[in-house]
Amino acid sequence: MKHLKVYLVVSLILTLFSFFSIIKWSDIIFWILFYMIFTVFIMLLIKQLEILNYIKKYPFRNYDESDPYFSDDGIFKFENNGFYVKNLKKKDFIGWNDINFIIAYNVLLFDTSTMFLEIHTNGGVFKFNEEILGWYQLCNNINLKLSNINNRWRMILLNTPHMEDRVIVYNRNDITNSIFINT
């Protein structure tokens, strides 16, 4: 709604007017008028809060290398043969050749969903979500360093934000995505 704030202010003024009319005349018509206008006011207020919450939750970002979201390695340190994860207790190294498979999924919490990557190696399972520093660089490096990547995994999860579907991003043993050369 283009003029939502104007409607909100007008409904607030009408709500107050109907309330004072009830106090002054206490007629049933003013009670009905008060409940109707108050209901409209509450609905408009909820709509305004949803719009503000949506803008804060999903800011539209244009790719800009000066934006730290895109350029910062965050908790990762990337190298040619793998990357380090800086934890509070120790540094874990994940080699590109050690990755067996990667799964992506959404985790729902009330009305929001958070995207996760689960990296499975022989040394264990590492879970990262989209809210950590370095998420963009992690996804970018995975696409660059690993072959047989399912490049549609982000679009699948973005198109189904309120579903907890799991998408296989990478599987080392998957031969369906590998290239066969005829000799």
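Higher on the page you've got the structure.
Read on for a plain summary of the structure. Remember, predicted model here, so these are calculated numbers, not experimental data.

### Some points on the overall build of the protein
A count of helical and extended segments in the protein gives 5 helices and 7 strands. The burial tally for the protein puts 31% of its 183 residues in the buried class. Within the structure as shown, the protein displays about 13,100 Å² of accessible surface, and the carbon and sulfur contribution to it stands at 61%.

### Here's the deal with the pattern of salt bridges
All chains considered together, the criterion is met by 2 salt bridges. Across the pair Lys127 and Glu118 runs a salt bridge, and its minimum N-O distance is 3.9 Å. Taking relative accessible area as the criterion, Lys127 reaches 52% and is therefore assigned exposed. Residue Glu118 is classed as buried on the basis of its relative accessible area, which comes to 8%. Two residues, Arg166 and Glu118, come together in a salt bridge whose shortest N-O distance is 3.9 Å. Highlighted residues: Arg166 in strand β7 (residues 166–171) and Glu118 in strand β5 (residues 112–121), separated in sequence by 48 residues. Residues joined in a network through salt bridges with shared partners are Glu118, Lys127 and Arg166.

### Concerning the pairing of strand β4 (residues 99–109)
Of the pairings in the sheet, the one linking β4 to β5 comprises 10 bridges and is antiparallel in character. The residue of β5 that forms the bridge with Leu109 is Thr112. Following β4, the chain reverses through 2 residues before pairing antiparallel with β5; Phe110 in that reversal takes a positive phi of roughly 60°. Looking at chain direction, β4 and β7 are connected through 5 bridges and run antiparallel. Counterpart to Ile103 in the pairing with β7 is Ile168.

### Some remarks on the sheet that holds strand β6 (residues 124–129)
In space, the 4 strands of this open sheet follow the order β6-β5-β4-β7, with antiparallel pairing throughout. If you trace the sheet from one side to the other, it starts and ends with β6 and β7, each paired once. Taken over all neighbouring pairs, the strand axes of this sheet differ in orientation by 20° on average, direction set aside. Relative to β6, β5 runs antiparallel, the two being bridged by 6 bridges.

### A short note on unusual backbone geometry
Of all residues except glycine, most have a negative phi; of all peptide bonds, most are trans. In the Ramachandran plot, Ser26 falls in the positive-phi region, its phi being about 45° despite a non-glycine side chain. The residue Ser26 is located in the loop between α1 (4–25) and α2 (28–57) in this model. Exposure remark for Ser26: the relative accessible area of 53% places this residue in the exposed category.

### Concerning the sheet that holds strand β3 (residues 91–95)
Taken in spatial order, the 3 strands make up an open sheet running β1-β2-β3, and their pairing is antiparallel. Each end of this open sheet is capped by a strand with a single partner; those strands are β1 (76–79) and β3. Direction aside, the axes of adjacent strands within the sheet are offset by 20° on average. Pairing analysis gives 5 bridges linking strand β2 (residues 82–86) to β3, with the strands arranged antiparallel. Looking at β3, one finds that Gly82 is bridged to Gly95. On the sheet, helix α4 (residues 135–145) packs against β1 and β2 and is oriented at approximately 20° with respect to β1.

The rules we used
Residues numbered from 1 in each chain as written. Predicted model: local features only at pLDDT ≥ 70, side-chain atom pairs only at ≥ 80, totals over all residues. Heavy atoms only, no water. Helix = DSSP H or I, 4+ residues; strand = E, 2+ residues; numbered from the N terminus. Buried < 20%, exposed > 50% of the residue type's maximum accessible area, 1.4 Å probe, protein only. Areas by Shrake-Rupley, 256 points an atom, 1.4 Å probe, with all protein chains shown as cover. Salt bridge = Lys/Arg side-chain N within 4 Å of Asp/Glu carboxyl O. Pairing = 2+ DSSP bridges. Axes fitted to C-alpha atoms, helices over the stretch in contact; angles between N-to-C directions. Contact = heavy atoms within 4.5 Å.

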